[in-house]
Every structure is written in C-alpha cells, then in structure tokens.
Amino acid sequence: MKIIESPAEMQRLADAARLRGDKIALVPTMGYLHEGHLSLMREGRRRASVLAVSLFVNPTQFGPNEDLAAYPRDMQRDCRLMESIPVDLLFAPQAQAMYPPGAQTWVEVTEVTQGMCGASRPGHFRGVTTVVAKLFNIVKPHIALFGAKDYQQLCAVRQMVRDLNFDVEIVPMPTVREHDGLAMSSRNAYLSPAEREKALSLSRALEAARACYVQGERNPYALAQRAREELGRDNAVSVEYVEVREATTLKEIERIDGPAVIAVAARVGRTRLIDNIVLEPSSN
Ligand code: AMP
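This text gives an overview of the structure that appears in the document. (Residues numbered from 1 in each chain as written. Predicted model: local features only at pLDDT ≥ 70, side-chain atom pairs only at ≥ 80, totals over all residues. Heavy atoms only, no water.)

## A look at the site of the ligand
Here is step 1: Of all residues adjacent to the ligand, which total 17 residues, the nearest are Met30, His37, Asp150, Val176 and Met184.
Here is step 2: One of the backbone nitrogen or oxygen atoms of valine 176 is found 2.8 Å away from a nitrogen atom of the ligand.
Here is step 3: Contributions of two or more residues to the shell around the ligand are made by strand S2 (24–29), helix H2 (35–47) and strand S5 (143–147).
Here is step 4: The dominant element in the shell around the ligand, judged by the number of residues it contributes, is H2, at 3 residues.
Here is step 5: Residues that form the shell around the ligand fall into these classes: 8 nonpolar, 7 polar and 2 charged. (Near = heavy atom within 4 Å. Polar contact = N/O pair within 3.5 Å; in protein donor to acceptor, adjacent residues only side chain to side chain. Helix = DSSP H or I, 4+ residues; strand = E, 2+ residues; numbered from the N terminus. Nonpolar A, V, L, I, M, F, W, Y, C, P; charged D, E, K, R; others polar.)

Here it is as structure tokens:
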C-alpha cells in the first residue's frame with residue numbers, strides 16, 4: 001500500500017492510473033476503521049482495479065463544540081487492516097494541505113441537508129460535501145463507496161454529484177452492525193460498557209417502528225412515536241430527533257406511499273449516535 005500525503009502527488013498517481021486504463025474506486029474515511037469501513041473497501045476492491053482510501057479527519061465538518069480533537073485515531077492499526085484488503089493507495093493528507101490559508105470556496109447542498117443532522121450540526125454537511133468534492137478532484141475516482149449508516153450524508157453526496165456533474169458513480173453500501181444490532185461506528189469507542197448496552201435502544205427503536213410498518217402502519221408520525229417510546233425506556237438516552245422522510249429527497253411526508261427512511265440521533269452519555277433503516281414497500 002502506497003501512502004500519499006500530498007494532493008498534487010495523489011493527482012499525478014490518479015492520472016497515471018487512468019492513463020493505464022485502470023478503474024479507480026475511492027472509499028473516503030476518517031479512520032479508526034471497523035468492519036463497516038472494511039465492507040466498503042472489499043466492495044471497492046471487487047469493482048475496480050485500483051482501490052484508494054482516504055483517511056482524513058476533516059476539520060470543516062466538526063462544529064466548535066464537537067469532538068474533532070478527541071476523535072479516535074490509530075494509524076498503525078488502520079494501515080494493518082487496509083493491507084489485509086488489500087488497499088493500493090492511502091491518501092492521508094494533513095489539514096494544512098487540504099485547506100491552505102486563504103481558501104474561500106464551499107460546496108453546499110441546500111435542501112437535503114435541512115433538518116435531521118443538519119439542524120443540530122450547522123455547517124456539518126457543507127464541510128462534508130466540500131471535502132468530498134475536493135477528494136473527487138484529487139483522487140479522480142470512477143466510483144466512490146459510501147455507507148447508508150450516514151444516510152443524510154449519502155443523500156447529500158448523491159445530490160452534489162448530480163448537481164455538479166461529477167463523473168463519479170456513487171455506490172451505497174448497507175449498514176454493518178454488531179451481532180446485537182448496534183450500528184458500527186468509530187464513535188462507539190467512546191461508550192463505557194454500560195453505555196454500550198443503552199446504545200442498543202437505537203437499533204431496537206428502529207426495529208420496533210419497522211415492525212409497525214410491516215403490520216401496515218403508514219402514518220410517519222405513528223412510526224416515529226413508536227420509536228420514541230422504545231428510546232424513552234431509558235432516561236440515559238437523550239433523543240435528538242426521530243424522523244421519517246422520503247428515502248431519496250429526504251422531504252417530510254404526511255403518509256408513507258413509497259420508500260421511506262426512519263432515522264434517529266440520540267446521545268448516550270456524552271456520545272452522539274445515529275442510526276436509520278429504509279422502509280421499502282416490498283418489506284411488507
Ligand atoms: P467515517 O469514517 O465515519 O467518516 O465513515 C466513512 C465511511 O464509512 C462513510 O461512507 C460511512 O457511511 C461508512 N460507514 C461508517 N459506519 C458504517 C457502518 N456501520 N456500515 C457501513 N458503512 C459505514
């Protein structure tokens with residue numbers, strides 16, 4: 001695995017790969033890898049001849065009171081895991097290389113980013129879409145893989161690709177869960193054993209709502225209410241939002257008559273966790 005820090009060097013390698021006729025897959029990450037990240041890498045490996053991973057804890061997507069400094073990092077372990085895939089190119093720039101002084105351009109998706117995580121994390125998605133646009137220009141992938149775990153992020157990236165004519169195919173990947181249902185996340189490392197147990201209420205709440213949906217409930221508020229009930233069983237879990245939205249546009253809906261997503265964000269202790277499931281008409 002070749003490790004590249006410089007955006008210009010990465011662009012040279014990407015150009016050379018494209019000239020050779022290689023197909024480049026990119027998996028953008030913030031590191032502290034888990035099986036969710038690795039599932040994206042394996043699929044990228046399968047679909048392309050060059051597998052590139054970016055590892056960058058992107059400062060512009062963190063708010064002033066968020067966990068940028070505390071975000072878990074373990075470069076050595078990450079490298080071992082990536083070698084096992086194997087990953088060909090690791091792009092791991094320093095923040096100054098990605099954001100040299102004087103930068104003043106942002107990429108902002110205006111509607112899909114309203115509400116849900118966009119409400120409690122102002123500027124977060126602007127940071128995400130800006131860094132993803134930069135990564136696309138630096139790594140020049142043919143395809144890029146994103147997890148459905150970060151559902152609103154996936155929708156924002158897809159919208160950006162459509163709106164700005166990026167010549168990149170976005171490959172969505174299912175959420176990878178622990179054996180007991182907890183969605184894998186680098187932030188799970190913050191949880192104490194007791195909090196880890198309480199964190200299960202997110203996936204349980206989504207499954208309770210799905211059960212109502214399968215029984216025929218099509219009122220989004222009733223489904224959200226069912227999920228809230230489940231989350232409310234434990235007062236150590238503080239709910240930020242439970243929302244049911246149209247699955248692609250993330251528009252609010254009065255009744256479910258097509259694919260919809262039910263998404264939740266909650267704090268367990270000081271750790272903010274998110275999860276979601278897509279309700280497909282065929283799962284009835
Ligand atoms: P992150 O390092 O958290 O920014 O995540 C990098 C990529 O991995 C994003 O596309 C995430 O959606 C994806 N990802 C994170 N957790 C999971 C998971 N449990 N299952 C599938 N993909 C995931």
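## Comments concerning the pattern of salt bridges
Here is step 1: Under the counting rule described, the total for this entry stands at 20 salt bridges.
Here is step 2: Two residues, arginine 47 and glutamate 169, come together in a salt bridge whose shortest N-O distance is 3.8 Å. Linking arginine 47 in helix H2 with glutamate 169 in strand S6 (residues 169–173), this pair joins segments that are 122 residues apart in sequence.
Here is step 3: Connected through salt bridges with shared partners, the residues Glu43, Arg46, Arg47 and Glu169 form a single ionic network. (Salt bridge = Lys/Arg side-chain N within 4 Å of Asp/Glu carboxyl O.)

## A word on the sheet that holds strand S9 (residues 271–279)
Here is step 1: Strand order in the open sheet made by the 3 strands is S7-S8-S9, with antiparallel pairing throughout. Two strands bound the open sheet, and with one partner strand each, they are strand S7 (237–246) and S9. Between one strand axis and the next, the sheet turns by 15 degrees as a mean value, whatever way the strands run.
Here is step 2: Sheet analysis places S7 next to strand S8 (residues 260–268), joined by 9 bridges and oriented antiparallel. Each residue of the ladder has a partner; that of valine 239, found in S8, is alanine 266.
Here is step 3: Its contacts with the sheet place helix H9 (residues 200–214) against S7, S8 and S9, and it is angled at close to 20 degrees to S9.
Here is step 4: Set on the sheet, helix H10 (residues 220–231) makes contact with S7, S8 and S9; between it and S7 the angle comes to about 160 degrees. (Pairing = 2+ DSSP bridges. Axes fitted to C-alpha atoms, helices over the stretch in contact; angles between N-to-C directions. Contact = heavy atoms within 4.5 Å.)

## Some points on the environment of valine 128
Here is step 1: Mapped onto the fold, valine 128 is located in helix H6 (residues 124–139).
Here is step 2: When the C-alpha atoms of valine 128 and asparagine 58 are compared, they prove to be 7.9 Å apart, with 70 residues separating the residues in sequence.
Here is step 3: Excluding its chain neighbours within four sequence positions, the residues that come into contact with valine 128 are Asn58, Gln61 and Gln153.

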